[in-house]
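Structure assessment
Here's the letter readout for the chains.
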Amino acid sequence: MSQQQDVCEVTCIHKDKVMRLRKELDGSRSDRVSDLFKLLADQTRVTIVHALALEKELCVCDVCAVVGCSKATASHHLRLLKKWGLAKSRKEGKFVYYALNDEAVRQLVKLTFLHERSKEGQADQELAE
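Notes on the structure follow. (Residues numbered from 1 in each chain as written. Predicted model: local features only at pLDDT ≥ 70, side-chain atom pairs only at ≥ 80, totals over all residues. Heavy atoms only, no water.)

Think of two packed helices as two axes; the pair is described by the angle between the axes and how far apart they sit. Two elements in contact, helix H3 (residues 43-54) and helix H4 (residues 60-67), have axes separated by 10 Å at closest approach and are oriented at 120 degrees. Crossing of H3 against H4: the hand is right-handed. Residue-level contacts link Thr44, Thr47, Ile48 and Ala51 of H3 to Val63, Val66 and Val67 of H4. For the contact of H3 with H4, the residue count by class is 5 nonpolar, 2 polar and no charged. (Axes fitted to C-alpha atoms, helices over the stretch in contact; angles between N-to-C directions. Helix = DSSP H or I, 4+ residues; strand = E, 2+ residues; numbered from the N terminus. Left-handed = near helix turned anticlockwise from the far one by under 90°. Contact = heavy atoms within 4.5 Å. Nonpolar A, V, L, I, M, F, W, Y, C, P; charged D, E, K, R; others polar.)

Tracing the chain through its elements places Asp35 in helix H2 (residues 30-40). Between the alpha carbons of Asp35 and Trp84 there is a distance of 9.5 Å; along the sequence they are 49 residues apart.

A separate point is the pairing of strand E2 (residues 87-92). With 6 bridges joining them, E2 and strand E3 (residues 95-100) adopt antiparallel strand pairing. Counted as the bridge partner of Ala87 is Leu100 from E3. Remark: 2 residues form the turn of the hairpin made by E2 and E3, two consecutive strands paired antiparallel; Gly93 in that turn has positive phi of roughly 65 degrees. (Pairing = 2+ DSSP bridges.)

What follows deals with the side chain of His50. Turning to its location among the elements, His50 is positioned in helix H3. Residue His50 is classed as buried on the basis of its relative accessible area, which comes to 13%. Leaving out residues up to four positions away in the same chain, His50 has contacts with Val109, Phe113 and Arg117. (Buried < 20%, exposed > 50% of the residue type's maximum accessible area, 1.4 Å probe, protein only.)

Moving on, we come to the sheet that holds strand E1 (residues 58-59). Strand order in the open sheet formed by 3 strands is E1-E3-E2, with antiparallel pairing between adjacent strands. The sheet is open, and its two edges are formed by E1 and E2, each paired on a single side. Those strands touched by H3 are E1 and E3, and its axis lies near 85 degrees from that of E3.

Running from N to C, H4 and helix H5 (residues 71-83) cross one another at 105 degrees; their axes reach a closest spacing of 9 Å. Judged by the inter-axis angle, H4 sits roughly perpendicular to H5. Along the contact surface, H4 presents Val60, Cys61, Val63 and Cys64, while H5 presents Lys71, Ala74, Ser75 and Leu78. (Parallel < 35°, antiparallel > 145°, perpendicular 65-115°, else oblique.)

The tally for this structure, following the rule as stated, stands at 1 aromatic pair. Geometrically, the ring pair formed by Phe95 and Tyr97 is tilted, given 6.3 Å between the ring centres and 45 degrees between the ring planes. We classify Phe95 as partly exposed; its relative accessible area is 43%. (Phe/Tyr/Trp six-rings, centres within 6.5 Å; stacked < 30°, edge-to-face > 60°.)

Moving on: the pairing of E3. In this sheet, E3 lies alongside E1 in antiparallel orientation, the contact comprising 2 bridges. Residue pairing in the sheet places Leu58 in a bridge with Tyr98 of E3.

Now the structure itself:
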C-alpha cells in the first residue's frame, strides 16, 4: 500500500510564477485582510454581521433577540464592528440602529454562508444515495 506524499519529491522553483506572485502580493495588505478574518472569527460577531447582511439595519434590541445575547454583549460586538469600519450606527429617539458599512464584507459573509449551505446539501445528497 503506497502513501501519497503531500510535499514535492524534488525542489524546482518556477521563477516566472514566483516573481509574478511576489509582485502581486507585495502590496496586497494581507495584514489588514488577516485582521478582518480575526474580527469575523468570533461566532457572535459573525452571526451579527450575517444578520446585518440579510437585513438593511437592526436596532440593538433586535440584534440581541436574533443572536440570543445581552444588550451589553451585543453592544460590545457592534462597537467593535463600528470601530473597524464594518458597521455604522444611527440614533433614532431611544433606539440605536446598526447597519453594515462595507458592501464587500456583506458579500463575503453571504457567499461564505451560501458556500456552507451548499456543502451541507452535497453531504445530504451523498447520504441519500
